[in-house]
Amino acid sequence: MKLGIVGLPNVGKSTLFNALTNAGAQSANYPFCTIEPNVGVVAVPDSRLDVLAKMYNPELYTPAVIEFVDIAGLVKGASKGEGLGNKFLSHIREVDAIVHVVRCFENTDIIHVDGNINPLRDLETINLELIFSDMEILERRIDNVKKAMKGDKTLAPKVALYEKVMKVLEEGKSARSLDYDEEEQAWISEVALLSIKPVIYAANISESDIGNLDSNQFYQSVLEFAKSEKSEVIPVCAEIEAEIAELEDEEKEMFLSDLGIAESGLDRLIKASYSLLGLISYLTAGPKEVRAWTITKGTKAPGAAGKIHSDFERGFIRAEIVSFDDLVACGSMNVAKEKGLVRSEGKEYVINDGDIVLFRFNV
């Protein structure tokens, strides 16, 4: 699963990406510093793994991960090829969701591509380029389906849906602003629209705004905009996050404490991104390894077992499940079993986030 980091040039995308991945993506004070997308694999923060690691002192500690792609800055006219726009749009097409970075602070030393700070204008610039691209694609799809409908009248509801989405796009709204039932979701997924991809807005704020967001009108305007399309906003100070990313865990805790915050903006962003993709983690724990396994929300036990090995899914017998809280309270799986807190679940059991699981299977 990939998340693409997008935004106008010089809004802090590459700085944020560097902080996320420590990958050292080039960052400079001029447009189009990033041409080819940088890719980084990022661990998903999970304090439950830390607790289990203290219990088992395992040989291996393996968190869940997600992939972030730093996509070059889009500009007005990208859908028509401006500013290497076609190439950038193709990179967005390849990701599963979007982290849209928008600048919410003044700094005369950092050039803004449009000359001044206006988050709503910046959001509109990016969103409209995605919408314009979608309109071209959807127009062609409507024409093709209408031709096919001459010989197949059952396609009429699909045409009606596409035309409804086109009307929304023509109003300057993203395709994700509509609600879709299961059948409509399948139809719209055939079109590969950009503006339907789920999005998180990363509001890049200044250090002085940390803990004082009510007074930042730039941030408040982004928050209001995001509500209109039911998206989430995560405030981050990319410059500070880049500093925090270089620290050891103990130093990081002290730094955050001095700032008066319990969790870094990046940790919040990573967790929110994981959730945005519809992902959860189940856990396995023992002296050999403590690990978080990534599955899609709603996955049943055999499918979850298959994440470990295909043999586990093929030969699935049952899953032994204990809640994280119960295991920690008991101190070991054996004590949890003695107290009747370990459940035996079959093939129809839907795995929950944080379930600690031991699979039984036939080879």
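Residues numbered from 1 in each chain as written. Predicted model: local features only at pLDDT ≥ 70, side-chain atom pairs only at ≥ 80, totals over all residues. Heavy atoms only, no water.

A look at the pattern of salt bridges
Quick note on the threshold: Should a side-chain nitrogen of Lys or Arg be within 4 Å of a carboxyl oxygen of Asp or Glu, the pair is scored as a salt bridge. A run of H or I in DSSP counts as a helix once it spans at least four residues, and a run of E counts as a strand once it spans at least two, with each numbered from the N terminus. Each residue gets one of three labels from its accessible area relative to the maximum for its type: buried under 20%, exposed over 50%, partly exposed in between, using a 1.4 Å probe on protein chains only.
As enumerated under the stated definition, the model contains 19 salt bridges in all. Between Asp-267 and Lys-252 there is a salt bridge, and its shortest N-O distance comes to 3.3 Å. Here Asp-267 is found in helix α10 (residues 265-276), whereas its partner Lys-252 is found in helix α9 (residues 249-259), with 15 residues between them in sequence. Note on Asp-267: relative accessible area 16%, which makes it buried. In this structure, Glu-345 and Arg-343 form a salt bridge, with 3.0 Å as the shortest nitrogen-oxygen distance. Linked by salt bridges that have partners in common, Arg-318, Glu-320, Lys-337 and Arg-360 make up one network.

A look at the packing of aromatic side chains
Just so we agree on the cut-off: Two rings from Phe, Tyr or Trp (for Trp, the six-membered ring) form a pair when their centres are within 6.5 Å of each other. A pair whose planes differ by under 30 degrees is stacked, one over 60 is edge-to-face, and the rest are tilted.
Enumeration over the complete set of coordinates arrives at 5 aromatic pairs. Taking the centre distance of 5.8 Å and the plane angle of 80 degrees together, the rings of Tyr-201 and Phe-225 count as edge-to-face. Note that Tyr-201 is positioned in strand β6 (residues 199-204) and Phe-225 in helix α7 (residues 217-228), a separation of 24 residues in sequence. With centroids separated by 5.7 Å and ring planes inclined at 90 degrees, the aromatic side chains of Tyr-282 and Phe-359 adopt a geometry described as edge-to-face.

A few points about the sheet that holds strand β7 (residues 232-236)
How we decide: DSSP calls a pair of strands paired once it identifies at least 2 bridges connecting them. Fitted lines through C-alpha atoms give the axes, limited to the stretch in contact for helices. The angle between two N-to-C directions lies from 0 to 180 degrees. Residue contacts are counted whenever heavy atoms from the two residues lie within 4.5 Å of one another.
Strand order in the open sheet formed by 6 strands is β2-β4-β1-β5-β6-β7, with mixed pairing between adjacent strands. At either margin of the open sheet sits one strand with a lone partner, and together these are β2 (38-43) and β7. Taken pair by pair, the neighbouring strands of this sheet meet at an average axis angle of 25 degrees, ignoring direction. Inspection of the sheet shows strand β1 (residues 2-6) paired to strand β5 (residues 97-103) by 4 bridges, in the parallel sense. Counterpart to Leu-3 in the pairing with β5 is Ala-97. Sheet contacts for α10: β1, β2, β4 (65-70), β5, β6 and β7; angle to β7, the most-contacted strand, approximately 160 degrees.

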